[in-house]
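As a plain string of letters, each chain reads:
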Amino acid sequence: MSGNASGSVSVSTGRTPREILQAQGKLTPNVVAVQSGGKIYDLHTPLPEGAELSVINVNDPQALAVIRHSTAHVLADAVQRLYPGTKVTFGPAIENGFYYDFDRKDGQFTDADFEKIEAKMREIVAGDVPFRREAVTRDDARKLLQGMGESYKVEHLERLQGEISLYRHGDWVDLCEGPHVPSTGFLRAVKLTSVAGAYWRGDERNPMLQRIYGTAFPSQKELDAYLHALEEARKRDHRKLGKELELIGFHPWAPASPFFLPRGAQVYRRLIDYVRDLYDRFGYQEVVTPQIYDHELFVKSGHAGAYREAMFKAATVEDIERATAALQKAPADIEKVIEEHLRFDVKPMNCPGHCLMYAMTRRSYRELPMRIADFGRLHRFERSGVTQGLTRVRTFCQDDAHIFCTLDQMQSEIIAFLELVYTVYQDFGFTDVRVVIATRPDTRMGSDEVWDRAESALKTAVERKALQFEIAEGEGAFYGPKIELHLKDALGRPWQLGTIQVDFNMPESFDLGYVAEDNSMHRPVMLHRAMLGSVERFFGVLVEHVGGAFPTWLAPEQVAVLTVSEKVNDYANEVVALLRRSGIRVIADLSSDKLGAKIRNARNLRLPYLAVLGQKEADGRGASVRCRDENKELGFLTLDELISRVRGEGIPPSLRSS
RNA sequence: GCCCCGAUAGCUCAGUGGUAGAGCAGCGCAUUCGUAAUGCGCAGGUCGUCGGUUCAAAUCCGACUCGGGGCUCCA
């Protein structure tokens, strides 16, 4: 059970953590690895001379990644035993587990193989064989890997820099930098979860590998807890809740295009109304613009090139007849015929139309900043494999707006936007927002000076709000840098919702200008910005965030009127009419069901308030009220009390008078 | 687009080659009930679509459609 296997060529110096801990008498059976200088080292890897270290025990959070990466090795070992000839590639620990990518020549993995593979893995774990590390030269590694036929590893080897190491457990060996657990016996709770295709190095042009996902924990108990939490998260899935609560529907004849059913449309409309109210207060002007434009527009905006694949064409029968006739005359000119005769495109974005509108008249600096908002419906052709529920669809609308402003106004506009968007997220109860600033890519337009100014405007705004942020170097659009705001869905998958992007390109392409104070023409800057982003996506993430229990101000119905018996139907109808007149959204259950059943149904719909009406309530002109959010009965309330309570919660938190 | 999985009643699901099932929802009748499911009855399906294998297909095979998981979190 020694660290460095004897006989290998060691490039490292210094003692291993195992040796250090042993000397100090601190090597307990629970030690998985150590931490030193912010890095995790396993017990096999020599530390720099004189390094400080702290012990990582099997139950420490930092041990998870080590355990999972080691489990990936055991998975690969098991797979290669069961399916000889399978080549290994990468197998990292990931956020909630690990994966390993294989190139299997003789078939595909399916979920049905998991049981067999897990059994083999348990066997390897039961053997409690030690992991061993060897530092080797590139030549030795190459010889070894070539001898094993591991062509992907050989390819990877040539890209590696720095020290090259092998890890072994039993007679299985892999090119790997670690870190790994001391022995396979540390891998006590393992589950394979799914199989998927994945391209070698993530590139579509490369061969597709078979990826097996799994997860591992220090104990079965923790694994079970994780799997249970996953189950719970699935219950919040907006696709499941959307169906159960009759919010949305889909039909094969409109793939990846949601129907918002009456209950869902109630919420959808309120999301938009909410934003619209903010626009009124924050100096935005809403416009309504065309759905279908001449192709020429998107040539000018650049979409016809870069965005071509994602755009729907709109053709009339006449267009197609003309195109057909033209093709019969000149069959070779397909591209040209399509350009000429299929003239219309369905808009994938609002910005080109807004540029047209901006340029409809001569603009003065006095009009800027001009904030143009549009809830126009957009269509984008998303490839079939990437669509998903409401979070990735082919038709949606954004709370989209374009701010045309001067370079000097850019900074304050970005800050004002961040103020606004954080108010919005607060109203919805989102606190876990990830902020990413995407900076200049290699191929870009505009001078470095202008980019400097735009990037620093974004950074300043984020810093002014004291927000934590990450920089995504080179990930900005070719026309300008941007801030992205990401939120997570129930399963922890991140989605970009809000964004603000600086654009120097489109004003240029459309030759936009304004007359400045000195009577000279200047080019405005264009800011693309959205808070909810796609309303569809936001709706999906929101459903999951609140578990289908919309706050009173968004709920499709705010109060359910439930009768104890049909004897009080007259009073119930009176109450419903009164609440409706008071602007409250009500449904009534006057059926012959028992009260218990009515309550159950209304609760399953997650209605904020239940108003029970019986003879007592009819006599007292009130209702016996139950509140979903406080999860308790409020007892008897007069109708006025009920109305003022629901009305108070019926407006967004940031707008409530205090 | 590519890899794997799935599709049976409005919903959730059972049914592995031999006469299509359950619960819930719906409809009808009875019940008039006090805080998470009242009882009885009725109705409801070209088993996603098309093709193939077979005496016989929801079931086996193939294609297609739609949906789900995934496709750098780089040894």
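It should be noted that the structure appears before, not after, this text.
Residues numbered from 1 in each chain as written. Chains lettered and ligands numbered in written order. Predicted model: local features only at pLDDT ≥ 70, side-chain atom pairs only at ≥ 80, totals over all residues. Heavy atoms only, no water.

Student: Explain the pattern of salt bridges here, please?
Tutor: As a working rule, side chains carrying opposite charge can pair if their charged atoms are close by. Scanning the model with the defined rule gives 43 salt bridges in all. The residue arginine 392 makes a salt bridge to glutamate 382 at a minimum N-O spacing of 3.1 Å. Here the residue arginine 392 occupies a position in the loop between β19 (377–379) and β20 (395–405), and glutamate 382 occupies one in the loop between β19 and β20, the gap between them amounting to ten residues. The exposure class of arginine 392 is partly exposed, given its relative accessible area of 29%. For glutamate 382, a relative accessible area of 15% translates into the label buried. Close ionic contact of glutamate 630 with arginine 645 constitutes a salt bridge, the shortest N to O distance being 2.4 Å. Of the two residues, glutamate 630 sits in the loop between β31 (622–627) and β32 (632–638) while arginine 645 sits in helix α21 (residues 639–649), which places them 15 residues apart along the sequence. What you see here is one network of salt bridges that share partners, running through Arg269, Asp273, Arg276 and Glu286. (Salt bridge = Lys/Arg side-chain N within 4 Å of Asp/Glu carboxyl O. Helix = DSSP H or I, 4+ residues; strand = E, 2+ residues; numbered from the N terminus. Buried < 20%, exposed > 50% of the residue type's maximum accessible area, 1.4 Å probe, protein only.)

Student: Honestly, the pairing of strand β1 (residues 31–36) in this entry has me stumped. Any pointers?
Tutor: Side-chain direction in a regular strand flips from residue to residue, so the side chains alternate between the two faces of the sheet. With five of its six residues buried, β1 lies for the most part within the structure. In the sheet, β1 pairs with strand β3 (residues 54–57) via four bridges, with the strands oriented antiparallel. Across the sheet, alanine 33 pairs through a bridge with isoleucine 56, a residue of β3. With four bridges joining them, β1 and strand β2 (residues 39–42) adopt antiparallel strand pairing. Residue pairing in the sheet places valine 34 in a bridge with tyrosine 41 of β2. Taken together, β1 and the strand that follows it, β2, pair antiparallel across an intervening segment of two residues, in which glycine 37 is found at a positive phi of about 55°. (Pairing = 2+ DSSP bridges.)

Student: Explain the sheet that holds β32 here, please?
Tutor: Adjacent strands of a sheet form backbone hydrogen bonds with each other and so pair up, either parallel or antiparallel. The five strands are arranged β29-β28-β30-β31-β32 in an open sheet whose pairing can be described as mixed. Each having just a single partner strand, β29 (586–589) and β32 make up the two edges of the open sheet. The mean inter-strand angle of the sheet, taken between neighbouring strand axes irrespective of direction, is 25°. Note: β31 against β32, six bridges, orientation antiparallel. Considered in β32, the bridge of glycine 622 is made with threonine 638. Packed onto the sheet, helix α19 (residues 595–604) meets β28 (559–563), β29, β30 (609–613) and β31 and runs at close to 170° relative to β28. (Axes fitted to C-alpha atoms, helices over the stretch in contact; angles between N-to-C directions. Contact = heavy atoms within 4.5 Å.)

Nothing here speaks to function; it is all geometry.
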